[in-house]
Amino acid sequence: MSVPAGFDELIHPATRLSVVSLLAATEWAEFSFVRDSLSLSDSALSKQLHTLEEAGYLELRKEGGGRNRRTRVRLTDRGRGAFEGHVAALRAIVEGAGSAVTTSSGARR
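All of these numbers come straight from a predicted model, not from anything done at the bench.

What counts as what
Residues numbered from 1 in each chain as written. Predicted model: local features only at pLDDT ≥ 70, side-chain atom pairs only at ≥ 80, totals over all residues. Heavy atoms only, no water. Core = buried A, V, L, I, M, F, W, Y, C linked by side-chain atoms within 4.5 Å. Buried < 20%, exposed > 50% of the residue type's maximum accessible area, 1.4 Å probe, protein only. Contact = heavy atoms within 4.5 Å. Pairing = 2+ DSSP bridges. Helix = DSSP H or I, 4+ residues; strand = E, 2+ residues; numbered from the N terminus. Axes fitted to C-alpha atoms, helices over the stretch in contact; angles between N-to-C directions.

It is worth spelling out the nonpolar core at this point. Counting 18 residues, the largest nonpolar core has L23, L45, L49 and V73 as its most contacted members. Not counting residues within four places of it along the chain, the set of residues in contact with L49 comprises V19, F31, L58, L60 and V73.

Shown next as structure tokens:
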């Protein structure tokens with residue numbers, strides 16, 4: 001089976017896909033919101049965000065200082081496009097599998 005166009009190996013791991021899915025639903029999100037929503041540790045989320053940032057898929061913005069320092073994150077246009085392409089590729093895989101399950105009589109199992 002060939003991999004559909006748009007399938008993104010960088011986004012595909014479950015944790016990164018969860019991060020990108022969450023960010024796709026908003027303009028900016030607080031680091032703590034993403035961490036708590038996905039039940040990740042600070043270090044686990046930081047690692048995933050760094051990987052996505054290096055690919056140009058998201059932007060991190062640090063604001064304030066001291067105890068009031070906050071980190072906000074958002075998908076870039078490139079990241080949003082990659083996510084949308086990946087979702088379309090996953091749909092194509094699922095639809096292709098559904099049509100392959102047809103029996104010789106044409107009924108689905």
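Strand order in the open sheet formed by three strands is 1-3-2, and the pairing between neighbours is antiparallel. If you trace the sheet from one side to the other, it starts and ends with strand 1 (29-30) and strand 2 (58-63), each paired once. Pairing of strand 2 with strand 3 (residues 70-75), which is carried by six bridges, proceeds in the antiparallel orientation. The residue bridging L58 from the neighbouring strand is L75, located in strand 3. Across the sheet, helix 3 (residues 42-54) is in contact with strand 2 and strand 3; its angle to strand 2 comes to roughly 120°.

None of the figures reported here should be taken as evidence of function without further support.
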